[in-house]
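A structural walkthrough
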Amino acid sequence: MKKIIAFLMCLIVLITVLSVGVVATDDVAPCANNVALWDIDFSISEYGHASYTVKYIGYSGITTGGSITIQMQKKFLGLFWRDVEGKYWELSSNQVNYSYQNVVQLSDTGKYRIVVNFTIYGTGGAADQFEKTAEAEW
């Protein structure tokens, strides 16, 4: 009987430990040498107009510029992300603060995302490199 009770208690503890998840939020950001903030926004209108904004805010006297790549992807078979042909952009800036907005027409309904890679340069140390993604559905 003691073995059964011990087994059940172990099982309860195991289930409790496995049910506690780790929640990651965008509020926790990696440390950066040359930039104070980097962010993206992505939405799709009811008419299929995909709108995105990418931006970074640097440090005056430290940030010397940056490069940003944006790749739009569409969910394929509900499991995989596939690059959308013709929906790739490369941006560059020599400004301390930078913001870029674009709107593109989509041809098919579905779930989309943008994958944005930031590389921010400056005198604060090695270039900062970050990736952010945002999803939207039409």
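Bear in mind that the values here come from a model prediction, so they are computed numbers and not experimental data.

Looking at the second largest pocket, its volume works out to about 180 Å³. Listing elements by their share of the lining of the second largest pocket, those giving two or more residues are strand S3 (63-76) and strand S4 (80-93). Sort the elements by how many residues they give to the lining of the second largest pocket and S4 lands first, with four residues. Here the lining of the second largest pocket is composed, by residue class, of four nonpolar, two polar and six charged.

Our focus in this paragraph is the sheet that holds strand S1 (residues 35-44). Pairing in this open sheet of three strands is antiparallel, and the strands run S1-S2-S5 from one edge to the other. Every other strand in the sheet has two partners, leaving S1 and strand S5 (97-105) as the edge strands with one partner each. Recorded for the sheet is a direction-independent mean angle of 5 degrees between the axes of neighbouring strands.

With that settled, the discussion passes to the packing of aromatic side chains. Counting across every chain of the model gives four aromatic pairs. Here the aromatic rings of tryptophan 38 and phenylalanine 130 are separated by 3.7 Å at their centres, their planes lie at 10 degrees, and the arrangement is stacked. Here tryptophan 38, found in strand S1, pairs with phenylalanine 130, found in strand S7 (residues 128-137); they are 92 residues apart in sequence, far enough to count as distant. In this structure, tryptophan 38 and phenylalanine 130 share a single accessibility class: buried. The ring of phenylalanine 76 has arginine 82 lying over it, and the distance from NZ or CZ to the ring centre is 3.6 Å.

Parameters and conventions
- Residues numbered from 1 in each chain as written.
- Predicted model: local features only at pLDDT ≥ 70, side-chain atom pairs only at ≥ 80, totals over all residues.
- Heavy atoms only, no water.
- 1 Å grid on protein atoms, 1.4 Å probe; cavity = no way out; pocket = protein on both sides within 12 Å on 5 of 7 lines; lining within 4 Å.
- Points joined across faces, edges and corners; volume = space filled by probe spheres on them.
- Helix = DSSP H or I, 4+ residues; strand = E, 2+ residues; numbered from the N terminus.
- Nonpolar A, V, L, I, M, F, W, Y, C, P; charged D, E, K, R; others polar.
- Pairing = 2+ DSSP bridges.
- Axes fitted to C-alpha atoms, helices over the stretch in contact; angles between N-to-C directions.
- Phe/Tyr/Trp six-rings, centres within 6.5 Å; stacked < 30°, edge-to-face > 60°.
- Buried < 20%, exposed > 50% of the residue type's maximum accessible area, 1.4 Å probe, protein only.
- Lys NZ or Arg CZ within 6 Å of the ring centre and 35° of its normal.

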